[in-house]
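Spelled out from the first residue to the last, the chains are:
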Amino acid sequence: MSDDSRSGAGSAVAGSAPSRSVHVRAPGKINIFLAAGAVQDDGYHPLATIFQAVSLYEDVYATPSDTITVSVRGVQPEQVPLDERNLAVKAAQLLARETGCTQGVHLQIIKRVPVAGGMGGGSADAAAALVACDELWGTGLGIAGLHPLAAQLGSDVPFALVGGTAMGTGRGDRLTPVLARGTYEWVLVHGEEGLSAPHIYARFDEAMAEQRVTADEPDSPLEVPRDVLQALASGDVAALAEHMYNDLESPAIAEQPALAQTIADGCDEGALAGIVSGSGPTVALLCRDRADADRVARTLSDAGRQVMRAHGPVAGAQVIEA
Ligand code: C5P
């Protein structure tokens with residue numbers, strides 16, 4: 001994986017050094033539990049999911065500029081668009097439009113969350129850009145005021161704003177905080193190549209259509225099982241490991257069969273359980289404690305896997321320096 005840097009066309013700030021910079025940090029996420037329903041007319045799937053924000057962060061530095069531009073450094077920068085498809089650029093444009101603000105911004109992103117990895121890296125960039133521009137421009141919406149804008153930008157963006165551990169319903173954008181005692185230690189294993197969320201959801205639809213043909217029973221209601229909420233409330237890592245689940249895991253494994261082996265290898269090395277995060281392909285291995293997680297990470301890394309260590313829950317997008 002490369003550690004490089006790229007700049008969007010016209011990203012140079014003309015004239016002298018910028019007068020002010022705002023630094024915001026936003027976390028990546030793991031879906032500890034995710035149940036999806038049948039696709040709706042708008043193309044989205046209703047979800048019942050548990051998000052946890054983890055200590056793998058995107059840093060965004062916002063500086064005054066005449067226009068809205070972006071540059072990217074860190075992991076896989078070559079895979080991040082620098083034009084108006086960039087979610088951080090979209091976030092700044094949306095905030096400017098909604099508030100009537102005519103100022104510009106240059107956003108420098110330092111990426112640590114894998115691109116197209118199922119960990120909400122782009123969503124974290126968007127959340128960080130909203131918070132950074134709100135601070136830099138003095139638009140004063142705050143986290144609550146930014147929430148509807150975040151939901152317009154993407155289903156996972158509101159969670160990157162609030163962080164912690166939360167239940168997501170609707171598209172995943174309607175959030176309820178969830179009590180989670182203690183700290184959860186994760187080993188994150190990179191997939192070989194990124195996976196596209198729409199593609200994985202389409203595979204999920206195909207599997208559901210086949211099931212419908214063979215099953216007589218109606219679809220069960222979408223909910224997060226009580227066992228998952230109880231395990232989190234009591235900080236029982238072993239119980240949580242037993243109840244982690246993701247409806248998008250089978251379609252992700254159908255696309256990248258090696259993911260099943262990654263989960264099996266992680267468990268063989270001592271992880272309590274492993275799951276594909278979101279639409280994948282990052283695999284999240286839950287470990288009993290920090291020492292176990294460090295050991296599992298080392299062993300998998302020695303075996304040639306690209307791994308990262310993280311713990312959760314952590315806070316959502318926040319200003320580090322202004
Ligand atoms: O909301 P966001 O733009 O991040 O979603 C990316 C894609 O993932 C959507 O275009 C859709 O195909 C799929 N998706 C979905 N149901 C959800 C969330 C995302 O089908 N609840």
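What this report covers is the structure whose coordinates are included nearby. (Residues numbered from 1 in each chain as written. Predicted model: local features only at pLDDT ≥ 70, side-chain atom pairs only at ≥ 80, totals over all residues. Heavy atoms only, no water.)

Concerning the state of the cysteines
Each disulfide consists of one covalent bond between the sulfur atoms belonging to two cysteines.
Right, on to step 1. All chains considered together, the criterion is met by zero disulfides.
Right, on to step 2. As a non-bridged cysteine, cysteine 133 has cysteine 101 as the owner of its nearest cysteine sulfur, 8.3 Å distant.
Right, on to step 3. Cysteine 287 takes part in no disulfide bond, and the closest cysteine sulfur to it belongs to cysteine 267, at a distance of 8.8 Å.
Right, on to step 4. With relative accessibility at 1%, the residue cysteine 287 sits in the buried group. (Disulfide = S-S within 2.5 Å. Buried < 20%, exposed > 50% of the residue type's maximum accessible area, 1.4 Å probe, protein only.)

Here's the deal with the pairing of strand E12 (residues 307–312)
Right, on to step 1. Where burial is concerned, the two faces of E12 differ: the one with Met308, Ala310 and Gly312 is buried and the one with Val307, Arg309 and His311 is not.
Right, on to step 2. Both strand E8 (residues 184–189) and E12 contribute to a ladder of six bridges, which runs antiparallel. Following the sheet pairing, glutamate 185 is matched in E12 by histidine 311. (Helix = DSSP H or I, 4+ residues; strand = E, 2+ residues; numbered from the N terminus. Pairing = 2+ DSSP bridges.)

Re the pattern of salt bridges
Right, on to step 1. One pass over the full model with this rule turns up 13 salt bridges.
Right, on to step 2. In this structure, the salt-bridge partner of glutamate 255 is arginine 203, at a minimum N-O distance of 2.5 Å. In this pair, glutamate 255 is assigned in helix H8 (residues 249–255) and arginine 203 in helix H5 (residues 197–214), connecting sequence segments 52 residues apart.
Right, on to step 3. With a shortest N-O distance of 3.4 Å, arginine 295 and aspartate 292 are connected by a salt bridge. Here arginine 295 pairs with aspartate 292, and both are found in helix H10 (residues 290–302), just three residues apart, close to one helical turn. (Salt bridge = Lys/Arg side-chain N within 4 Å of Asp/Glu carboxyl O.)

A few points about the packing of aromatic side chains
Right, on to step 1. A complete count under the given rule lists two aromatic pairs for this structure.
Right, on to step 2. Plain terms: the ring middles of phenylalanine 33 and tyrosine 245 are 5.9 Å apart, the flat faces sit at 45 degrees to each other, and that makes the pair tilted. Taken as a pair, phenylalanine 33 in strand E2 (residues 22–36) and tyrosine 245 in strand E9 (residues 245–246) lie far apart in primary sequence, 212 residues in all.
Right, on to step 3. Judged by its relative accessible area of 5%, phenylalanine 33 falls in the buried class.
Right, on to step 4. The exposure class assigned to tyrosine 245 is partly exposed, which follows from its relative accessible area of 39%.
Right, on to step 5. Ring centres of phenylalanine 51 and phenylalanine 159 lie 4.6 Å apart, and the angle between their planes is 10 degrees; this geometry places the pair in the stacked category. Of this pair, phenylalanine 51 sits in strand E3 (residues 47–65) while phenylalanine 159 sits in helix H4 (residues 157–162), placing them 108 residues apart in sequence.
Right, on to step 6. Judged by its relative accessible area of 1%, phenylalanine 159 is buried. (Phe/Tyr/Trp six-rings, centres within 6.5 Å; stacked < 30°, edge-to-face > 60°.)

A look at the site of the ligand
Right, on to step 1. By nearness alone, every residue bordering the ligand is listed as Gly43, Tyr44, His45, Leu47, Gly154, Ser155, Arg171, Ala197, Pro198 and Tyr201.
Right, on to step 2. For the ligand, an oxygen atom lies 2.6 Å from a polar atom in the side chain of histidine 45.
Right, on to step 3. Measuring from an oxygen atom of the ligand, one finds a side-chain N or O atom of serine 155 at 2.5 Å.
Right, on to step 4. Computed on the free molecule, the ligand has an accessible area of 450 Å², of which 74% lies beneath the protein chains in the complex.
Right, on to step 5. With three residues, H5 is the single largest residue contributor to the shell around the ligand.
Right, on to step 6. Grouping the constituent residues of the shell around the ligand by class yields five nonpolar, four polar and one charged. (Near = heavy atom within 4 Å. Polar contact = N/O pair within 3.5 Å; in protein donor to acceptor, adjacent residues only side chain to side chain. Areas by Shrake-Rupley, 256 points an atom, 1.4 Å probe, with all protein chains shown as cover. Nonpolar A, V, L, I, M, F, W, Y, C, P; charged D, E, K, R; others polar.)

Comments concerning helix H6 (residues 226–234)
Right, on to step 1. Listed as buried for H6 are Val228, Ala231 and Leu232. Mapping the buried residues of H6 onto a view down its axis gives an arc of 95 degrees, with all of them on the same face.
Right, on to step 2. Those residues of H6 that are buried lie in contact with E2, E3, strand E6 (165–169), E8 and helix H7 (237–243). (Arc of directions from axis to C-beta. Contact = heavy atoms within 4.5 Å.)

Describing the nonpolar core
Right, on to step 1. One finds Val105, Leu107, Leu130 and Trp137 to be the most contacted residues of the largest nonpolar core, which totals 40 residues.
Right, on to step 2. Put simply, the parts of the chain that give this core at least two residues each are E2, E3, strand E4 (68–75), helix H1 (87–99), strand E5 (104–111), helix H2 (121–137), helix H3 (142–153) and H4.
Right, on to step 3. Counting 30 residues, the second largest nonpolar core, distinct from the first, contains Val224, Leu232, Ala239 and Leu240. (Core = buried A, V, L, I, M, F, W, Y, C linked by side-chain atoms within 4.5 Å.)

Re the side chain of serine 279
Right, on to step 1. Turning to its location among the elements, serine 279 is positioned in the loop between strand E10 (273–276) and strand E11 (283–287).
Right, on to step 2. Among residues more than four places away in sequence, those in contact with serine 279 are Gly118, Leu195, Ala197, Ile200, Leu248 and Ala252.

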